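Listed below are the residues making up each chain.
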Amino acid sequence: MSRLRKGVSTGLAAGTFLTLAACSGGGSSSVPGVGGIPGVSEGPGANDVGLILPLTGRNASYGMRMRDAAKLALSAKGSPALDVHDTNGPGGTEQAVRDALARGDAILLGPLTATETAAAAPLAINAGKPELAFTSDSTQARPGVWVMGLTPEQQVRRMVDAARATGRKTFAAFLPDNAFGHAMGDGLARACRDAGLKDPQIVFHTMDVQNIDDGLKALSAIETRQPAAPVVAETPSGPSAIDPTGEATPDAAPAGTPSPATTPAAQPAPPPFDALVLADTGLELGRVITALQADHIDSSQVQIMGPALWKAFDGKLGALHGAWYAAPDAHDRLGYVAQYRALYKQAPSPVSDFAYDAAALAGSLIRKGGVTVEALTRPDGYMGVDGLFRLRPDGHVTRALAIYQIQRGGGARIVVPASRDVAIRPS
């Protein structure tokens, strides 16, 4: 077992630790290569690692940081060469993949988006080359093509498992009517089915305020949960704390005239679910929060859960205190962030983590004799910069995620740590 990075406890798990070459090899920070361009191979090589990324165009900033992360992962002496191709070059993604295959690369890393992956996958499969794609669209997963991004399904399954552990049994979702919302809904339905729970009630909404209000009212059944009107009882007048003598004042009603008294207003009954998945961000999330408050849905009765996207602005989500989201433990990547920053003078973007792990995995397998499906899908998995992950034969990737809980004043803390056990459930 080799280490992924300095500071990893030897007692974490039984999984294979990917090697962060900058920690363990000879002190060199350059990537093996020729022609004066580190990390780029100029000739065919059965042990090269093909990297397919957007290095120009709209997503170039992501692509270049991911390229840098892959270089860092393969910076040790003896690492395979990195063969880099631009998906925005002449011929696009398909030509980039053909060029990598023509050079004899042992494995393909990338591309970035679902559309690019759909174009690249048939070529890689036909050539018999494994592909580790960086998309988070799980529909692109298939034997031989692994989806390395953090998928909605992974997030939802982790939260369902954690919610079940606290006794939650009835799940619902109120989601935006877009691709991300439907992916969250599909993930929830599968997670509930796999756990033997009844099918969740899922409602999709548009960005319209009235549509949000009406949709959540229907989902929460607020009309049937409202308590009966307060009871008005008649009490005879007489001595009281206000008028201890019981004597009428000039403006008071005649003695003996009944005066009304009301009982305290009752709270609405709980909604017909005890766990609710959301997926909105930005202005729409604000509208959903307002609707939740109007329909008396809060974390005192319902475990509210949301996407890992909330991590970027959870300091502003105090109104959702008690809600959860599932995401990698930020502490796991501190060593990687520090070394990336030291080498490149800027912080890595979160998506670069997948490029680092994919390159480190490819490099480790090539050094040990070659990339095979059996090695890629070893049951005990691998420890990456974002924690434990395991590649399944069907192209899906299982990830161990932490559960964060939003605090009353905003921000979040981990309430359920990410598993260090490699025997984590598929997602």
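## Some details on the overall build of the chain
Point 1. Of the regular secondary structure elements, the chain holds 12 helices and 18 strands.
Point 2. Residues classed as buried in the chain amount to 50% of the 427 residues present.
Point 3. Considering only intrachain contacts with a sequence separation of at least 6, the fraction spanning at least 24 residues in the chain is 67%.
Point 4. Within the structure as shown, the chain displays about 18,800 Å² of accessible surface, and the carbon and sulfur contribution to it stands at 55%.

## So, unusual backbone geometry
Point 1. Of note, the bond from Gly-110 into Pro-111 is cis; its omega dihedral lies within 30 degrees of zero at 0°.
Point 2. Tracing the backbone through its elements, the reader meets Pro-111 in the loop between strand S4 (107–109) and helix H4 (114–127).
Point 3. Even without being glycine, Ala-221 reaches a positive phi, approximately 55°.
Point 4. Tracing the backbone through its elements, the reader meets Ala-221 in the loop between helix H7 (209–220) and helix H8 (222–225).
Point 5. Residue His-296 is not a glycine yet carries a positive backbone phi of 55°.

## Topic: the sheet that holds strand S5 (residues 131–133)
Point 1. Across the sheet, five strands lie side by side as S3-S2-S4-S5-S6; this open sheet has parallel pairing. A single partner strand is all that each edge strand has here, and the edge strands are strand S3 (82–86) and strand S6 (145–147). Neighbour-to-neighbour, the strand axes of this sheet turn through a mean angle of 20°, independent of strand direction.
Point 2. Taken together, the three bridges between S5 and S6 define a ladder with parallel strand orientation. Bridge assignment links Ala-133 to a residue of S6, and that residue is Val-147.
Point 3. Sheet contacts for helix H3 (residues 92–102): strand S2 (49–53), S3 and S4; angle to S3, the most-contacted strand, approximately 155°.
Point 4. In this fold helix H11 (residues 352–367) packs onto S2, S4 and S5, with an angle of close to 165° to the strand it touches most, S4.

## Regarding the environment of Thr-166
Point 1. Along the chain, Thr-166 falls in the loop between helix H5 (152–165) and strand S7 (171–176).
Point 2. For Thr-166, a relative accessible area of 49% corresponds to the partly exposed category.
Point 3. Between the C-alpha atoms of Thr-166 and Gln-303, which are 137 residues apart in sequence, the distance is 9.6 Å.
Point 4. Polar contacts involving the side chain of Thr-166 include one to the main-chain carbonyl oxygen of Ala-163, which spans 2.7 Å.

## Observations regarding the pairing of strand S17 (residues 402–406)
Point 1. The buried fraction of S17 is high, at four of five residues.
Point 2. Two elements, strand S13 (residues 324–327) and S17, share four bridges in a ladder whose sense is antiparallel. Residue pairing for S17: Tyr-325 is matched across the bridge by Tyr-404.
Point 3. Pairing between S17 and strand S18 (residues 412–416): four bridges, direction antiparallel.

## Observations concerning the packing of H3 against H4
Point 1. Two numbers describe how H3 lies on H4: the axes approach to 9 Å, and their chain directions differ by 25°. With respect to H4, the element H3 is oriented roughly parallel. For H3 against H4, the interelement crossing comes out right-handed. Here Thr-93, Glu-94, Val-97, Arg-98 and Leu-101 of H3 come into contact with H4, specifically with Glu-116, Ala-119, Ala-120, Leu-123 and Ala-127.
Point 2. Considering only residue class, the contact of H3 with H4 consists of six nonpolar, one polar and three charged.

## As for the side chain of Glu-131
Point 1. Inspection of the secondary structure assignment puts Glu-131 in strand S5.
Point 2. Although Glu-131 lies buried, it forms no salt bridge, and the closest oppositely charged side chain, Arg-142, sits 7.4 Å away as judged by the N-O distance.
Point 3. With residues near it in sequence (within four places) discarded, Glu-131 still touches Leu-108, Gly-110, Pro-111, Thr-117, Ala-120, Ala-121, Ala-124, Gly-144, Val-145 and Trp-146.

## Side note on the packing of H5 against helix H6 (residues 179–194)
Point 1. It is at 8 Å that the axes of H5 and H6 come closest, and there the two elements cross at 45°. Between H5 and H6, the angle is such that the two are oblique. Read as a crossing pair, H5 and H6 show a hand that is right-handed. Each of Pro-152, Glu-153, Val-156, Arg-157 and Val-160 in H5 lies in contact with H6, whose residues at this interface are Phe-180, Ala-183, Met-184, Gly-187, Leu-188, Arg-190, Ala-191 and Asp-194.
Point 2. Here the contact of H5 with H6 is built from residues that sort into eight nonpolar, one polar and four charged.

## Observations regarding the nonpolar core
Point 1. Within the largest apolar cluster, 92 residues are counted, with the highest numbers of intra-cluster contacts made by Leu-109, Phe-134 and Leu-276.
Point 2. When neighbours within four sequence positions are excluded, Leu-109 is seen to be in contact with Val-49, Gly-50, Leu-51, Ile-52, Leu-132, Phe-134, Ala-358, Ala-359 and Ala-362.
Point 3. Listed in part, the seven residues of the second largest apolar core include Ile-52, Ala-96, Ala-100 and Leu-108.

What counts, and where the lines are drawn
- Residues numbered from 1 in each chain as written.
- Predicted model: local features only at pLDDT ≥ 70, side-chain atom pairs only at ≥ 80, totals over all residues.
- Heavy atoms only, no water.
- Helix = DSSP H or I, 4+ residues; strand = E, 2+ residues; numbered from the N terminus.
- Buried < 20%, exposed > 50% of the residue type's maximum accessible area, 1.4 Å probe, protein only.
- Contact = heavy atoms within 4.5 Å.
- Areas by Shrake-Rupley, 256 points an atom, 1.4 Å probe, with all protein chains shown as cover.
- Pairing = 2+ DSSP bridges.
- Axes fitted to C-alpha atoms, helices over the stretch in contact; angles between N-to-C directions.
- Polar contact = N/O pair within 3.5 Å; in protein donor to acceptor, adjacent residues only side chain to side chain.
- Parallel < 35°, antiparallel > 145°, perpendicular 65-115°, else oblique.
- Left-handed = near helix turned anticlockwise from the far one by under 90°.
- Nonpolar A, V, L, I, M, F, W, Y, C, P; charged D, E, K, R; others polar.
- Lys, Arg positive; Asp, Glu negative; His and termini not counted.
- Salt bridge = Lys/Arg side-chain N within 4 Å of Asp/Glu carboxyl O.
- Core = buried A, V, L, I, M, F, W, Y, C linked by side-chain atoms within 4.5 Å.

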